[in-house]
Amino acid sequence: MVEQGTLLYEFWVSRWAILQGLGTTVLVSLLAIVLGTFLGIFVGLMLVYGRFASRFVVRMYVDFVRGTPVFVLVLASFYLLSQIGIQLTAFQAGLFALVVFCSTHVGENLRGALQSLPRGQTEAAKAIGLTFPQIFVYVLAPQALRQALPAWINTATEMVKASTLLSVIGVAELLLVTRQIISRNFLSLEFYFLAGLIYFLIDYAIERAGKAVERRVALPS
Amino acid sequence: MGYHLNFGAVWRDFDLLLSGLGLGLALAIVSIFIGCWIGLAAAFAMNSKHAFWRRVASWYVTAIRNTPLLVLILFAFFVLPRFGIRLGKVESFTVTLSIYAGAYLTEVFRGALLALPRGLREAGLAIGLTEWQAKVWIIIPIMLRNAFPALGNNFISLFKDTSLAAAIAVPELTYYARQINVNTFRVVETWMVASLMYVAACYLIAAGLRFFERRLAIPR
């Protein structure tokens, strides 16, 4: 169907491998973003409303993870977890590292957004007799989430990019599949370019979609 | 469990880890230095009168920011030799990280330039400076002081990004940590020490930057 020996043929032969790698990349990024966001919301709330001891522990966790490169987190969770008796596949270990990384970013982001709200908001809500859960749900959260949205979208694109690091511990995501294909046909320029283009398109789409959502939820001024 | 901590193997190679940390810092410093020049040029291009330069700069920023750094590193390392550009692994990594830093710094500088009052340039022209002189002696110094905190944050994340150099066997901290890990199987100790070294370095850099930030702040 496609003439052998052409570049198009090489792309055509590798189409299933690339699609499979792309699938793994999308899956791992999506899981990392979703799980990391849930954990991150918890982290953010602890940083703002936790008691002294728990706030201290969570702050240590956040500072430690944010001071360590993601790559080191990925390698450490891959080598370390099995050593202390937690048997995980490379995929799970990599996912674990990405979730931890994502949770600290979401947590800090949420903390910043919550603390930037003027105190008058809480006081006014108290004055009209709302309980704390009501204040949070009806007054603080809607404003804080709006403010945290741009940084959250940035974190999402960051996670897609960080998923490439899993290629080093042997998770067959897009970059590792690309490297395997290149080691077969030596077309490094063409296939690295293709991989780069696919990542670019994913992140560009997230960025665009994020901007659209931001415009939709923006307060009318 | 039954895992007994034994840091002996890690201490024995601690000087390797330290030299790796030093190389990582050096790579980050060189890259942010070159990246600043790229970022300045691209930030001015983004405010340029010519649509062509605006488009080139904004495509550069969008393309680099949305592509994973690891892909850029591998691309530079494995593809450039096909065009006869033969760089060592350290040089190739430095070039990549500089171009990567440039894209992020462009955004920083562009924001800082927009935040400057227009009157600065006009006052410069009014006292007889040329456009270039106004840029070099008035706009850029003030802009850099305003951009300093963001510049510092970028430097810290660049330093953490130098860990990716291990993927092309540049002997920095992560590379040595992996080597010690494989040679001695003191897994827990190795990664504990390596990540604590990163955390400590980042903490010290952040403290140093805060100090300079106070010194450089424009008094009000």
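The rules behind each value
Think of each chain on its own: its residues are numbered from 1, step by step along the sequence as written. Here chains are named by letter from A upward and ligands by number from 1 upward, in the order in which they appear as written. In keeping with the model being predicted, local features are shown solely for residues with a pLDDT of at least 70 and side-chain atom pairs are shown and tallied solely at 80 or more, while totals for entire chains, interfaces and linings include all residues. The helix count covers DSSP runs of H or I at least four residues long, the strand count covers runs of E at least two residues long, and both are numbered beginning at the N terminus. The atom set for the radius of gyration is the C-alpha atoms, and the globule formula is 2.2 Å times the number of residues raised to the power 0.38. To assign burial, the other C-beta atoms lying within 10 Å of each residue's own C-beta are counted, with C-beta atoms placed from the backbone; 20 or more indicates buried, 12 or fewer indicates exposed, and intermediate counts indicate partly exposed. C-beta atoms are placed from the backbone for every residue, and two residues are taken to be in contact when these atoms lie within 7 Å. In this analysis, the expected span of each helix is defined as 1.5 Å times one less than the number of residues it contains. Values of pLDDT, which run from 0 to 100, indicate the predictor's confidence residue by residue. Any residue outside Ala, Val, Leu, Ile, Met, Phe, Trp, Tyr, Cys, Pro, Asp, Glu, Lys and Arg is labelled polar, Gly included; the first ten of those are nonpolar and the last four are charged. Helix axes are fitted to C-alpha atoms over the stretch in contact, other axes to C-alpha atoms as well, and angles between N-to-C directions run from 0 to 180 degrees. Under this scheme an angle from 65 to 115 degrees is roughly perpendicular, one under 35 degrees roughly parallel, and one over 145 degrees roughly antiparallel; angles in between are oblique. Crossing chirality is assigned from the near helix's rotation relative to the far helix, an anticlockwise turn below a right angle marking it left-handed and a clockwise turn marking it right-handed.

## Here we look at the overall build of chain A
Then comes step 1: Summing up its helical and strand segments, chain A has 9 helices and 0 strands in all.
Then comes step 2: Beginning at the N terminus, the succession of helices and strands in chain A can be written as α-α-α-α-α-α-α-α-α.
Then comes step 3: In terms of overall size, chain A is more extended than a compact globule, its C-alpha atoms giving a radius of gyration of 21 Å where 221 residues would be expected to give roughly 17 Å.
Then comes step 4: Along the longest, intermediate and shortest principal axes, the C-alpha atoms of chain A span 75 × 50 × 20 Å.
Then comes step 5: Taking all 221 residues of chain A together, the buried fraction comes to 38%.
Then comes step 6: Excluding contacts between residues fewer than 6 apart, the proportion of contacts in chain A whose partners are at least 24 apart in sequence is 74%.

## Things to note about unusual backbone geometry
Then comes step 1: The backbone of Phe186 of chain A shows a phi angle near 60°, a positive value even though the residue is not glycine.
Then comes step 2: You can see Phe186 of chain A is positioned in the loop between α8 (174–185) and α9 (188–217).
Then comes step 3: We note that Phe185 of chain B has phi near 60°; this positive angle belongs to a residue other than glycine.
Then comes step 4: One can find Phe185 of chain B in the loop between α8 (173–184) and α9 (187–216).

## Remarks on helix α2 (residues 15–49) of chain A
What sets the pattern is the α-helix's 3.6 residues per turn: residues three or four places apart point alike.
Residue and element names in this part refer to chain A.
Then comes step 1: Along its 35 residues, α2 runs 50 Å from first to last C-alpha, staying within 8% of the 51 Å computed at 1.5 Å per residue.
Then comes step 2: If you check which residues of α2 are buried, you get Gly21, Thr25, Val28, Ser29, Ala32, Ile33, Gly36, Thr37, Gly40, Val43, Gly44 and Leu47.
Then comes step 3: Next to the buried residues of α2 lie α3 (52–67), α5 (90–116), α7 (132–162) and α8.

## Examining the confidence of the model for chain B
Then comes step 1: Per-residue pLDDT for chain B has a mean of 92; in total, 99% of the residues score no lower than 70.
Then comes step 2: Predicted complex, confidence summary: ipTM 0.89, pTM 0.90.

## Let's talk about the interface of chain B and chain A
Then comes step 1: Taken together, the 31 residues of chain B in the interface contact 29 residues of chain A.
Then comes step 2: Looking at the side of chain B that touches chain A, the elements with two or more residues in it are α4 (69–79), α7 (131–161), α8 and α9 of chain B.
Then comes step 3: Top contributing element to the side of chain B that touches chain A by residue count: α9 of chain B, with 9 residues.
Then comes step 4: Classifying every residue of the side of chain B that touches chain A gives 21 nonpolar, 6 polar and 4 charged.

## Concerning the packing of helix α6 (residues 119–127) of chain A against α7 of chain A
Residue and element names in this part refer to chain A.
Then comes step 1: One way to put it is that α6 packs onto α7 with a least axis distance of 10 Å and a crossing angle of 135°. Comparing their axes, α7 and α6 come out oblique. As for the relative orientation of α6 and α7, their crossing is right-handed in sense. Of the residues in α7, those in contact with Gln121, Thr122, Ala125 and Lys126 of α6 are Ile135, Val139 and Leu140.
Then comes step 2: Of the residues contributing to the contact of α6 with α7, the split by class is 4 nonpolar, 2 polar and 1 charged.

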